[in-house]
Structure formats: C-alpha cells, structure tokens
Amino acid sequence: MPSSEAHTWWLSIAAGVVIVAGMQAAADILAPLLLSLFIAMICWPLVDWLYQRKMPAWGAIAIVMLGLIVAMTLIGLFLGQSINHFIDNLPYYQTRLQASLGVLVEWLQDLGIDVSQEEFEQTINAGRLMGFAGTLLTTLTNAFANTALILFYVTFMFMEAFILPAKLQAAFSVSSRAFRFERFFANLRRYLRLKTLVSLATGVAVALWLTFLGVDYPILWGSVAFVLNFIPNIGSFIAAIPGILLALVQLGPEGAFYTALGYLVVNTVIGGLIDPRVVGSGLGLSTLVVFLSLIFWGWILGPVGMFLSVPITVVGKMLLEEHPQTRWIAALLGDGRIRTGLPD
C-alpha cells in the first residue's frame, strides 16, 4: 500500500474514532434528537396531506402536534400505570414462576422428555428472568422520558420540512444531485412509515392473542412487541419472553405453549412473509449486522440507540447505495439479496 494511501486510511480511522467519541459524549442531546427525527418522518405525510388540502402550514403542524400530544399523553398514562403495577408485583411473579417451573418439569416428563428439576431450575433462574422483564420495561420507559423536548424538536422539524426542497435546489447547482437527495428522503420516509405500520400490526396481533388467552397486561406486551419489532430477529425473540413467562405463571405450561405458538405465528407471518414484501427486502440487513448495530448504537446512545439501531443502520446503508464507490459496503451490510436475484 502506498504511503499516501496508508496515511489517508489512518486519518479516516482517527476521524471515525473522534466522531464516535463525540457522539457518545453528546448522547443526551443526540438521543432525543434522533427519536424526534424518527417521529417527524413518520408523521410528515399527514402534515403534507393537510397542507395539500389548502390548509396553512402552521394549521397543519398544529393539528398533527395536537394529535401527537394527546396520543403520547394517553399512551404514557396507560402504559405507565401498567408498567408500575407489573414492577410492583415482580416479587409475587418471581415466586409463582419458581413454582410454575416445577410444574413445567413434570409436564415435560409426562411427555416423555427426561428433565432433571434441579438442573432445570439452575439453568432457568426465575428471579433473573422476571428481573429481565422489569429491566426491559424500565429501559423502554426511560427511552421516551423527554416527551416535551421531543415534541419541541418535532415541531421545528415540521417547519423545516416545508422549505427543505427549495434549500436543496439552492444548495446544489446540479439539479440531479438535489433530486437524488429528495429521492433519498422519500425512500427513507417510505421505509419508516411502512416499518411502523408493520410493527403496529405485530403489536396489535400480539395484544389480541394474549387477550384471547387471558394473559395479564396484553396491551403492554403488545406495545413491547411494537417497539422491539424495529429490531429484526432479535427484537421479536426478546419481546416474546415476558409474555410467555407471565403465561406460564398464570395459565401453566399449556398456556405458555399456546402463547409461544401465537408469538411464533405472528412473527412468521408478519415478520417473515409480509414485512420483506411490504417494506422491501432490498433494505434488509444481515443478522450479524443487526446484532452488532444493536450493541454499537446502544453503547453510544443508550436505550434510544437500541430502539433506533436498525433504522439508523438502514439509513447508512441507503446512503452508501447512492454512491457507486461505496455500494460494495452496502452489499456487505445486506442480507445477501441485494441485486442478486435471490427470492424474497
């Protein structure tokens, strides 16, 4: 490698380290800002729809923001009460789960599966499992703690979105570059909107199934499934754990089995069949990249980074695909179905 090229590589690596360190130091500012951008891009089509119907820009923004305030307040009140009630009852659930594990061992033995109760209880620690569920809910709650600041950011992002096309045209003398940026933002909005709808369908299906089975807090577990569905593969598995454990405590091994079966069916149909076709398999990431992005962005931004890890990585992948020089990196981040003709 020539010395000049090696020098460039070392400078790039050093710059990357500085940028990562700066992002981590500014996590308290970046996390709500990125979450606000996520919400703004999802809700922007509604603002634009009202504006196209001859409503003033300020009126369209005011109506959507009022809807967001009402929705976030109601969701926060309801889910906050459910989360607090569940965490208060954690000791009770831990005790019941320990007893239910013994019943589960007997049920497995009746099915002809040779399981040692002592080894089973050592492997599956009831206290740690229910503690994990409580920690998960607390983490998700903290991720959305700065509601007022997030709504403030979203309002100004809506105002900026009205003048963004004109600014892009003024910034780039070559119209094709401005068009490329507009196309990128349009694709990004489409991805976030469709991914949100698919995640919402997952959460609703989970909540309805748990309601049918009689598991406590079905809307809470449906909300967890909605949020974690933004993390493919790993998120669906994590979201299923609290509901299955609670079903084991309440309904016994058979109820836990049907709960797990419901999660499996929902994630297979919506996550495995509908999601790739609606959102687009070309935006897919490999499982390893999903896992690494979860760790990386969670380390930098905390809980919000974990929630937004896949959308952020998808944005980076879309940017890399826009330039021929970096398209090979996007291919490495993908799931092997990018421009290969492989079936979805």
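Residues numbered from 1 in each chain as written. Predicted model: local features only at pLDDT ≥ 70, side-chain atom pairs only at ≥ 80, totals over all residues. Heavy atoms only, no water.

Per an unreviewed UniProt entry, the recorded name for the protein chain is AI-2 transport protein TqsA, and the organism is Methylomarinovum tepidoasis. Turning to the protein chain, the UniProt annotation filed under Sequence similarities (unreviewed entry) states: "Belongs to the autoinducer-2 exporter (AI-2E) (TC 2.A.86) family." In its Subcellular location (unreviewed entry) section, UniProt records this for the protein chain: "Membrane". (UniProt positions renumbered as here; feature names shortened; annotations may be inferred.)

Asker: What am I meant to see in the overall build of the protein chain here?
Answerer: In terms of regular secondary structure, the protein chain is built from 13 helices and zero strands. Secondary structure elements of the protein chain occur, N-terminal to C-terminal, as α-α-α-α-α-α-α-α-α-α-α-α-α. With 344 residues in all, the protein chain has 39% of them scored as buried. Expressed as a percentage of contacts within the protein chain between residues at least 6 apart in sequence, the contacts between residues at least 24 apart total 71%. With the model as given, the accessible surface of the protein chain reaches about 18,800 Å², and the carbon-plus-sulfur share is 69%. (Helix = DSSP H or I, 4+ residues; strand = E, 2+ residues; numbered from the N terminus. Buried < 20%, exposed > 50% of the residue type's maximum accessible area, 1.4 Å probe, protein only. Contact = heavy atoms within 4.5 Å. Areas by Shrake-Rupley, 256 points an atom, 1.4 Å probe, with all protein chains shown as cover.)

Asker: Got a minute to help me understand the UniProt feature "transmembrane region" (unreviewed entry) in the protein chain in this structure?
Answerer: Summarizing the sequence annotation, UniProt attributes the feature "transmembrane region" (unreviewed entry) to residues 7-27, 33-51, 58-79, 192-213, 219-249, 256-274 and 294-320 in the numbering used throughout. Taken end to end, residues 33-51 is 100% helix and 0% strand, and its two terminal C-alpha atoms sit 25 Å from one another. Between the end C-alpha atoms of residues 58-79 the distance is 31 Å, and the span holds 100% helix and 0% strand.

Asker: I would appreciate a short explanation of helix 3 (residues 57-88) in the present structure.
Answerer: Residues lying three or four places apart along an α-helix face the same way, a consequence of the helix completing one turn every 3.6 residues. In a regular helix each residue adds 1.5 Å, so 32 residues correspond to 46 Å; helix 3 covers 45 Å between its end C-alpha atoms and thus fits that length. For helix 3, the set of buried residues is Gly59, Ala60, Ile61, Val64, Met65, Leu68, Leu79, Ser82, Ile83 and Phe86. (Expected span 1.5 Å × (residues − 1).)

Asker: How should I be thinking about a nonpolar patch on the surface in this particular structure?
Answerer: On the surface, Trp107, Phe257, Tyr258, Leu261, Leu264, Val265, Val269, Leu273 and Ile274 cluster together to form a nonpolar patch covering roughly 780 Å² of accessible area. The biggest single contributor to the nonpolar patch is helix 10 (residues 234-280), with eight residues. Here Leu261 is to be found in helix 10. (Patch = residues over 30% accessible without salt bridge, like charges linked within 9 Å, V, L, I, M, F, W, Y side chains within 5 Å. Salt bridge = Lys/Arg side-chain N within 4 Å of Asp/Glu carboxyl O.)

Asker: Sorry, what's going on with the nonpolar core here?
Answerer: For soluble globular proteins, the rule of thumb is that nonpolar side chains tend to be buried together. In terms of nonpolar packing, the biggest core is built from 74 residues, with Ile39, Phe86, Val154, Phe158 and Trp221 touching the most fellow members. The dominant element in this core, judged by the number of residues it contributes, is helix 10, at 13 residues. In this structure, Val154 is in contact with Ser36, Ile39, Ala40, Met65 and Leu68, ignoring residues within four places of it in sequence. (Core = buried A, V, L, I, M, F, W, Y, C linked by side-chain atoms within 4.5 Å.)

Asker: Whenever I open this one, the packing of helix 2 (residues 27-52) against helix 3 confuses me. Can you help?
Answerer: Packed helices, taken two at a time, are described by the angle their axes make and the gap between the axes. Where helix 2 meets helix 3, the axes come as close as 9 Å, and the angle between the chain directions of the two elements is 135 degrees. Of the possible angle classes, the one that applies to helix 2 and helix 3 is oblique. Relative to helix 3, helix 2 is oriented so that their crossing is right-handed. Of the residues in helix 3, those in contact with Ile39, Cys43, Leu46, Val47, Leu50 and Tyr51 of helix 2 are Ala57, Ala60, Ile61, Ile63, Val64 and Leu68. The residue makeup of the contact of helix 2 with helix 3, split by class, is 12 nonpolar, no polar and no charged. (Axes fitted to C-alpha atoms, helices over the stretch in contact; angles between N-to-C directions. Parallel < 35°, antiparallel > 145°, perpendicular 65-115°, else oblique. Left-handed = near helix turned anticlockwise from the far one by under 90°. Nonpolar A, V, L, I, M, F, W, Y, C, P; charged D, E, K, R; others polar.)

Asker: Whenever I open this one, the side chain of Thr202 confuses me. Can you help?
Answerer: Its place among the elements puts Thr202 in helix 8 (residues 175-213). Exposure remark for Thr202: the relative accessible area of 3% places this residue in the buried category. If we skip the residues at most four places from it in the chain, Thr202 touches Asn229, Val266, Asn267 and Ile270.

Asker: What exactly am I supposed to notice about unusual backbone geometry here?
Answerer: Of all residues except glycine, most have a negative phi; of all peptide bonds, most are trans. Although it is not a glycine, Lys54 adopts a positive phi angle of roughly 70 degrees. Residue position: Lys54 is located in the loop between helix 2 and helix 3. Residues other than glycine seldom take positive phi values, yet Tyr217 does so here, at roughly 55 degrees. You can see Tyr217 is positioned in the loop between helix 8 and helix 9 (218-228). Overall, the relative accessible area of 14% leaves Tyr217 in the buried class.

Asker: Would you mind going over helix 12 (residues 303-321) with me for this structure?
Answerer: End to end, helix 12 covers 28 Å across 19 residues, agreeing with the expected 27 Å (1.5 Å per residue, within 8%). Within helix 12, the axis deviates most sharply at Ser309, by approximately 55 degrees, and proline Pro311 lies no more than four positions further along. (Bend = angle between axes of the 7 residues up to and from the residue.)

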